[in-house]
Amino acid sequence: QVQLVESGGGLVQAGGSLRLSCAASGTIFSINAMGWYRQAPGKQRELVATITGGGSVNYADSVKGRFTISRENAKTVYLQMNSLKPEDTAIYYCRCDSRSGSLMPYRPYWGQGTQVTVSS
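Quick notes on the rules
Residues numbered from 1 in each chain as written. Predicted model: local features only at pLDDT ≥ 70, side-chain atom pairs only at ≥ 80, totals over all residues. Heavy atoms only, no water. Salt bridge = Lys/Arg side-chain N within 4 Å of Asp/Glu carboxyl O. Helix = DSSP H or I, 4+ residues; strand = E, 2+ residues; numbered from the N terminus. Buried < 20%, exposed > 50% of the residue type's maximum accessible area, 1.4 Å probe, protein only. Phe/Tyr/Trp six-rings, centres within 6.5 Å; stacked < 30°, edge-to-face > 60°. Lys NZ or Arg CZ within 6 Å of the ring centre and 35° of its normal. Core = buried A, V, L, I, M, F, W, Y, C linked by side-chain atoms within 4.5 Å. Contact = heavy atoms within 4.5 Å. Disulfide = S-S within 2.5 Å.

Under the criterion given, the structure shown has 5 salt bridges. Between Asp-88 and Arg-38 there is a salt bridge, with the nearest N and O atoms lying 2.9 Å from each other. Here Asp-88, found in the loop between strand E8 (76-81) and strand E9 (90-99), pairs with Arg-38, found in strand E4 (residues 30-39); they are 50 residues apart in sequence, far enough to count as distant. Neither residue differs from the other here; Asp-88 and Arg-38 are each classed as buried. With its nearest N and O atoms 3.3 Å apart, the salt bridge here joins Lys-64 to Asp-61.

Shown next as structure tokens:
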């Protein structure tokens, strides 16, 4: 079992900043990647940023240059969000692709989400 706990969401004005945190715990042998996804009302969930165990990062075009994903350690990931825009308003979900053993497949695990609201 893997549990993900997100924190750091809140209400900010356009142009402001927030830092989201995600901590993974449970039966984890290794983590292939962690990332952040978001879902706005009436829209599909979309990828925001990911980081692999090797440190490779990917960003959605809409957040590139404004958001930064980083790893504090093997089980903790951050999303620094700067120059926030109203269109960034969404529930942000942490995702962890992990396995419980060396012969086990990687599986995705999701946090419950944290609300980010950006006012104009």
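Let's pick the thread back up.
Attention now goes to the packing of aromatic side chains. Following the criterion strictly, the structure yields 1 aromatic pair and no others. Lying over the aromatic face of Tyr-78, Arg-19 brings its terminal NZ or CZ to 4.4 Å of the ring centre. The ring of Tyr-93 has Arg-45 lying over it, and the distance from NZ or CZ to the ring centre is 3.8 Å.

In this section: the nonpolar core. Grouped together as the largest cluster of nonpolar side chains are 29 residues, with contacts concentrated most on Met-34, Trp-36, Leu-79, Met-81 and Tyr-92. Among the elements of the structure, strand E1 (2-7), strand E3 (18-26), E4, strand E5 (46-52), strand E7 (67-73), E8, E9 and strand E11 (114-119) are those that each provide at least two residues to this core. Among all residues touching Met-81, those that are not within four sequence positions of it are Gly-16, Ser-17, Leu-18, Leu-20, Arg-66, Phe-67, Tyr-92 and Val-116.

We now examine the state of the cysteines. Disulfide: a covalent bond connecting the sulfur atoms of a pair of cysteines. Under the criterion given, the structure shown has 1 disulfide. At a sulfur-sulfur separation of 2.0 Å, the disulfide partner of Cys-22 is Cys-94. On the sign convention where negative is left-handed, the bridge of Cys-22 and Cys-94, at about -85 degrees about the S-S bond, is left-handed. Pair noted here: Cys-22 is in strand E3 and Cys-94 is in strand E9, with a separation of 72 residues, a long-range link. Its relative accessible area of 1% is what places Cys-22 among the buried residues. Judged by relative accessible area, Cys-94 falls into the buried class, the value being 0%.

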